Amino acid sequence: MKKIAFLLSVLFLFSACKEGNKLFDSNPQERLDDVPTIKLEDGQVIPLNKETSNAFSIIIHGGAGTILKKNMSPEMETAYKQKLEEAIRVGYDILKNGGTSLEAVTKTINIMEDSPLFNAGKGAVFTNEGTNEHDASIMDGETLNAGASAGTTTVRNPIDLAKAVMEKSPHVMLSGKGANTFAKEQGLQIVDPNYFYTERRYKSLQNIKEKEQTELDHDTKVSFYDNDIKDSKFGTVGCAALDKNGNLAAGTSTGGMTNKRWGRIGDSPIIGAGTYANNNTCAVSSTGWGEYFIRAMVAYDISALMEYKGLSLKEASKEVIQNKLTKLGGTGGIVAIDKNGNMVAEFNTAGMYRATMNDKGELTIGIYNEE
């Protein structure tokens with residue numbers, strides 16, 4: 001009897017200790033109150049901030065690069081912020097009224113494609129030959145279906161073409177003349193290539209060519225400062241969204257790299273590099289130096305870290321942009337949203353045009369790194 005009583009008392013004490021220490025268990029899912037905490041050296045227990053949950057939300061970017069407040073006029077800053085707000089509110093209204101994330105992404109990007117402020121659609125940069133060539137992609141997080149186009153010259157809204165490729169063809173990517181033909185067959189808006197001409201972008205091309213000639217003459221000093229020269233490898237617009245049905249989508253559109261040659265294609269139309277969406281993890285749109293984003297498969301890598309290592313969207317985005325991409329030598333950033341509506345804008349440049357809206361209608365707009 002004494003032995004049985006002793007065993008019962010040991011079991012009681014063990015059970016009591018286990019319950020008493022449950023708050024400090026290494027697995028947050030097993031805590032009594034299901035609130036992640038951290039124990040300080042003095043024994044104090046501090047609850048960690050939990051990620052939010054939104055019924056729907058949307059995040060956009062208008063490109064990353066050497067965006068410095070000292071080089072931005074108040075008028076230009078206002079213009080960018082107004083256009084970012086206009087664009088994101090279009091997508092927000094679609095989501096609020098029960099529309100799909102794919103529709104929200106497409107219509108939001110349309111607004112930025114139609115603005116000369118951004119390197120996409122109307123505001124696309126010039127190639128070395130003095131033409132405008134567009135790339136775009138879109139992905140459905142529910143089905144993992146995707147569509148992309150590259151090197152088009154007459155399609156007013158390349159993101160519409162990417163969506164048509166996804167929904168109305170057996171392919172994922174079309175390029176050049178064939179993509180232009182497919183767009184026309186699908187009834188998309190076709191424009192004369194002159195529609196894409198903007199004086200600002202054309203002057204940037206001339207300035208870059210002048211700089212190249214100066215460097216060939218072994219004199220690296222130039223007598224002017226041009227942000228577009230510093231950011232000749234940058235410039236994209238993109239959007240990621242979560243709708244009320246829990247479906248994610250992402251899309252990206254760009255005019256590519258200023259002074260590009262030989263039919264160069266960057267990351268924007270590459271699924272997994274410039275765009276990725278998966279309902280199990282997140283939706284991502286990239287902007288930056290495309291060659292590095294392709295080599296690092298940035299958009300997919302963020303999703304993979306969430307799926308296979310259990311990282312949060314914020315943790316995965318920071319690891320990929322601030323560690324992996326930076327070590328590789330790449331610069332740029334991403335906007336992303338996870339399956340719970342948490343949003344992240346991560347970049348390693350001086351700035352990135354960006355905006356967010358959640359299901360409460362709360363709007364944030366940012367341009368510079370310190371915002």
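This text follows the structure it describes.
Residues numbered from 1 in each chain as written. Predicted model: local features only at pLDDT ≥ 70, side-chain atom pairs only at ≥ 80, totals over all residues. Heavy atoms only, no water.

A. Examining the packing of helix H3 (residues 101-113) against helix H4 (residues 158-168) more closely. Remark: H3 packs on H4, axes separated minimally by 8 Å, with the N-to-C direction vectors making an angle of 150°. As judged from the angle between their axes, H3 and H4 are roughly antiparallel. Residues Leu-102, Thr-106, Ile-109, Asn-110 and Glu-113 of H3 lie in contact with H4, whose contacting residues are Pro-158, Ile-159, Asp-160, Lys-163, Met-166 and Glu-167. For the contact of H3 with H4, the residue count by class is five nonpolar, two polar and four charged. (Axes fitted to C-alpha atoms, helices over the stretch in contact; angles between N-to-C directions. Helix = DSSP H or I, 4+ residues; strand = E, 2+ residues; numbered from the N terminus. Parallel < 35°, antiparallel > 145°, perpendicular 65-115°, else oblique. Contact = heavy atoms within 4.5 Å. Nonpolar A, V, L, I, M, F, W, Y, C, P; charged D, E, K, R; others polar.)

B. Examining the side chain of Thr-108 more closely. Note that Thr-108 resides in helix H3. Using a relative accessible area of 0% as the deciding quantity, one classes Thr-108 as buried. Side-chain polar atoms of Thr-108 contact the backbone oxygen of Ala-104, separated by 2.7 Å. If sequence neighbours within four positions are ignored, Thr-108 has contacts with Ile-58, Ile-60, Ala-87, Ile-88, Val-90, Gly-91 and Cys-239. (Buried < 20%, exposed > 50% of the residue type's maximum accessible area, 1.4 Å probe, protein only. Polar contact = N/O pair within 3.5 Å; in protein donor to acceptor, adjacent residues only side chain to side chain.)

C. Representation of the side chain of Ser-317. With respect to the helices and strands, the residue Ser-317 is situated in helix H10 (residues 313-328). Contacts of Ser-317, omitting those with residues within four sequence positions, involve Ile-302, Gln-322, Ile-334, Val-344 and Glu-346.

D. Structural context of the pattern of salt bridges. Inspection of every chain in the model, using the stated rule, returns nine salt bridges. Among the ionic pairs, Lys-69 bridges to Glu-77, the shortest N-O distance being 3.1 Å. On the basis of relative accessibility, which here comes to 49%, the residue Lys-69 falls in the partly exposed class. Across the pair Lys-360 and Asp-359 runs a salt bridge, and its minimum N-O distance is 3.5 Å. Given the relative accessible area of 22%, Asp-359 is considered partly exposed. When salt bridges with common partners are traced through the structure, they connect Lys-69, Glu-77 and Lys-81 into a single cluster. (Salt bridge = Lys/Arg side-chain N within 4 Å of Asp/Glu carboxyl O.)

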